[in-house]
Structures are given as structure tokens and as C-alpha cells.
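Coordinate analysis (summary)
These are the residues of each chain, in order.
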Amino acid sequence: MSSRAPACARRASPMRADSCSSVRAAVDSTARLWSDKQAIYRNSRLWIVGASTWIVDQLEQSLLAIHPISRIPNGIDTRIFSPRNRSESRKKLGLPESAPVVGGLARSGALAHPWKGGKQALDALAVLRRRFPDLTYLNLGGEGDPGADWIRHAATDSQEEMAGWLSAVDVLLYPSIA
């Protein structure tokens, strides 16, 4: 078969090149799905909400732009989550006063879940530890054996406690990939 034959004809030897268009029509439903979505959205009464300016900008450039779009940011209680004394927060956790502390945050800990970027966090922390050997990683939400003496776990359901722990870190590392 010629190298100029369509890819579908080259991959499936029993198929002839002239049958590719029917295969493509049966498999590629992009145009139909786009048309269906437009009809559904056009005939729906929607009010679209985005949590960030970026997502609202994306929505305003999409086929959903025919509907009202608002931004409602994720809420945070600033009476609880406000700056605290770093030294006191570190002392409560038994963290070194002057060493760099990097924190990660996720239910079950950022290191335990592949979608939270645990591998990427460990790779980045390995690079940082070469430059800052006394660096500590505070795995907020993590439980169990940390696996290394420079990794500390701290888990709670208390927002008050979590706010204090966040005050103990110098940098929050959030490598979430999903």
C-alpha cells in the first residue's frame, strides 16, 4: 500500500482507502456533538458561576457565553485563617525555628495521592534538600509513617488548628495535577 494512503487504510490492511471516509464519519462525531451542545445550551436557562477570574474569562469565550456568568470566589473565614506567630506555630508542632519549612495540604496528605502531585512534590523537595539540608516538609492532612525524618505529618479536622499549622510554613507547595 502506498505511503500516501490515508492512515486508516495503512493501519487496517483489509480496508481499502476509499472506505476511510465512511469509517471517519462513523467515528468522528465532533461536529454533531458541538451542534448538540449549542442547541442544548441555547434552549436552557442557565446562570453560570466560576470561582476565579480566569475561569470566568474562559467561560466568556465559550459557547456558554450566551448565559449570565458570575464570579463567586471560594470562601475563607479570615477570622480563622489569618497570619499568626510563626515561632509559636512551629513550637506547637515541634518544628525547627530557623530551618526552612515547606508545607503541602490535602486530605490524606499531598504525598499519598498521585492526583495531588505527590511524586512531583518529592522530586522538587529532593532538589531543595540538596541546597537546604535542614529543610522540613510538613505534610498537612497526612497520617502514618512519614518515611523520612525530614517529613512530618499533621492531620486535623479543626480549621483553627489547620490555620496555626499553615502559619508554621515558609512556602506552601501545591503541585496538584487534577
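Just so we're clear, the structure is a prediction, and the values are computed from it rather than from any experiment. (Residues numbered from 1 in each chain as written. Predicted model: local features only at pLDDT ≥ 70, side-chain atom pairs only at ≥ 80, totals over all residues. Heavy atoms only, no water.)

What follows is about the overall build of the protein. A tally of helices and strands in the protein yields seven helices and six strands. Walking the protein from its N terminus toward its C terminus, one meets helices and strands in the order α-α-α-β-α-β-α-β-α-β-β-α-β. For the protein, with 178 residues in total, the buried portion stands at 26%. Put simply, of all contacts in the protein between residues at least 6 apart along the chain, 53% involve residues at least 24 apart. About 12300 Å² of surface is accessible on the protein, with carbon and sulfur atoms providing 54% of the total. (Helix = DSSP H or I, 4+ residues; strand = E, 2+ residues; numbered from the N terminus. Buried < 20%, exposed > 50% of the residue type's maximum accessible area, 1.4 Å probe, protein only. Contact = heavy atoms within 4.5 Å. Areas by Shrake-Rupley, 256 points an atom, 1.4 Å probe, with all protein chains shown as cover.)

Buried residues dominate strand 3 (residues 101–105), accounting for four of its five residues. For strand 3 and strand 4 (residues 136–140), the ladder comprises five bridges, and the chain directions are parallel. Looking at the pairing, valine 101 lines up with threonine 136 of strand 4. (Pairing = 2+ DSSP bridges.)

The next subject is the sheet that holds strand 3. Taking strand neighbours across the sheet as the criterion, the four strands line up as 5-4-3-6 in an open arrangement whose pairing is parallel. Whereas interior strands pair on both sides, the edge strands pair on one side only; in this sheet they are strand 5 (151–154) and strand 6 (171–172). One ladder, built from four bridges, connects strand 4 with strand 5; its direction is parallel. Its bridge partner being in strand 5, asparagine 139 is matched across the sheet by histidine 153. The strands touched by helix 7 (residues 159–168) within the sheet are strand 3, strand 4, strand 5 and strand 6, with strand 4 carrying the most contacts at an inclination of about 160°. (Axes fitted to C-alpha atoms, helices over the stretch in contact; angles between N-to-C directions.)

The next subject is the pattern of salt bridges. Going through the model one piece at a time under the given rule, you end up with six salt bridges. When the shortest N-O distance is used, the salt bridge between aspartate 36 and arginine 32 registers 3.3 Å. Separated by four residues within a single helix, aspartate 36 and arginine 32 lie in helix 3 (residues 30–42), roughly one turn from each other. A residue is classified by how much of its surface remains accessible, and arginine 32, at 57% relative accessible area, is exposed. Residue arginine 90 pairs with aspartate 170 through a salt bridge whose shortest N-O separation is 2.6 Å. Residue arginine 90 is found in helix 5 (residues 86–93), and its partner aspartate 170 is found in the loop between helix 7 and strand 6; the two are separated by 80 residues along the sequence. Judged by its relative accessible area of 0%, arginine 90 falls in the buried class. Taken together, the shared-partner salt bridges connect Arg86, Arg90 and Asp170 into one network. (Salt bridge = Lys/Arg side-chain N within 4 Å of Asp/Glu carboxyl O.)

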